[in-house]
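# Structure assessment
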Amino acid sequence: MTVLAIEHTSFTDTHVTVTAVVDEMRLLYRATRFEPEEWTAALCQATIELDPEEPIPLDEDGFCSYLDQLDPQWQVLSPDDI
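Sequence positions are assigned chain by chain, starting from 1 and proceeding in written order. Restriction of local features to residues with pLDDT of at least 70 applies here, the model being predicted, together with a cutoff of 80 or more for giving and counting side-chain atom pairs; totals for whole chains, interfaces and linings are based on all residues. The side-chain numbers reported here are obtained from all heavy atoms of the structure, hydrogens and water having been left aside.

## Remarks on the sheet that holds strand S2 (residues 15–29)
The strands making up a sheet are joined through hydrogen bonds of the backbone, oriented either antiparallel or parallel. If you trace the four strands from one edge of the open sheet to the other, you get S1-S2-S3-S4, paired in antiparallel fashion. Pairing within the sheet leaves two strands with one partner each, and these edge strands are strand S1 (3–11) and strand S4 (75–76). A pair of strands is labelled paired if DSSP reports no fewer than 2 bridges between them. Helix and strand definitions follow DSSP, with helices as H or I runs of at least four residues and strands as E runs of at least two, each counted in order from the N terminus. By the bridge criterion, seven bridges tie S1 to S2 in an arrangement that is antiparallel. Bridge pairing in S2 places Val3 opposite Val22. Against the sheet, helix H1 (residues 60–70) touches S1, S2 and strand S3 (38–49), its axis set at about 90 degrees to S1. Contacts are residue-level and defined by heavy atoms, with any inter-residue pair within 4.5 Å sufficient. Only C-alpha atoms enter the line fits that serve as axes; for helices the fit covers just the stretch in contact. Angles between N-to-C directions range over 0 to 180 degrees.

Have a look at this one:
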């Protein structure tokens, strides 16, 4: 999964919760006999444990790359969660 944009972050002493637009998270079209399934970006959320010895990038592009490397368990948010 690729993080396209950060929408919100909230920090505690040990964790960060990130709401982000993540590519290929929501099924757009089911596969047919002639075409493969197609996935699109969706608003997702993940909570990540912070490593006190690893600095977190403060710019959005760097933070997106950092999240891509961690590959957290993204949960797609429903419209009711927003």
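## Points about the pairing of S2
Between S1 and S2, which pair antiparallel in sequence order, lie three residues. As judged from the eleven bridges shared by S2 and S3, these two strands associate in the antiparallel manner. Each bridged residue has a counterpart across the sheet, and for Val16 the counterpart in S3 is Ile48.

## Structural notes on a negative patch on the surface
Residues form patches when they are more than 30% accessible in relative terms and have no salt bridge. Like charges link within 9 Å. Nonpolar side chains (Val, Leu, Ile, Met, Phe, Trp, Tyr) link within 5 Å. To be clear on the numbers: accessible area is Shrake-Rupley with a 1.4 Å probe, and residue cover counts the displayed protein chains and nothing else. The salt bridge criterion pairs a side-chain nitrogen of Lys or Arg with a carboxyl oxygen of Asp or Glu, the two atoms within 4 Å. Positive residues here are Lys and Arg, negative ones are Asp and Glu, while His and the chain termini are left out of the count. Charge positions come from single atoms, namely NZ of Lys, CZ of Arg, CG of Asp or CD of Glu. Judged by side-chain charge, Glu7, Asp59, Glu60 and Asp61 come together as a negatively charged surface patch. Its place among the elements puts Glu7 in strand S1.

## Looking at the state of the cysteines
Only a pair of cysteine sulfur atoms within 2.5 Å qualifies as a disulfide here. The tally for this structure, following the rule as stated, stands at zero disulfides. Here Cys44 is not cross-linked by a disulfide; its sulfur's nearest cysteine counterpart is in Cys64, at 12 Å. Each residue is placed in one exposure class: buried if its accessible area under a 1.4 Å probe, protein chains only, is under 20% of its type's maximum, exposed if it is over 50%, and partly exposed if it falls in between. Residue classification places Cys64 among the buried positions, given a relative accessible area of 5%.

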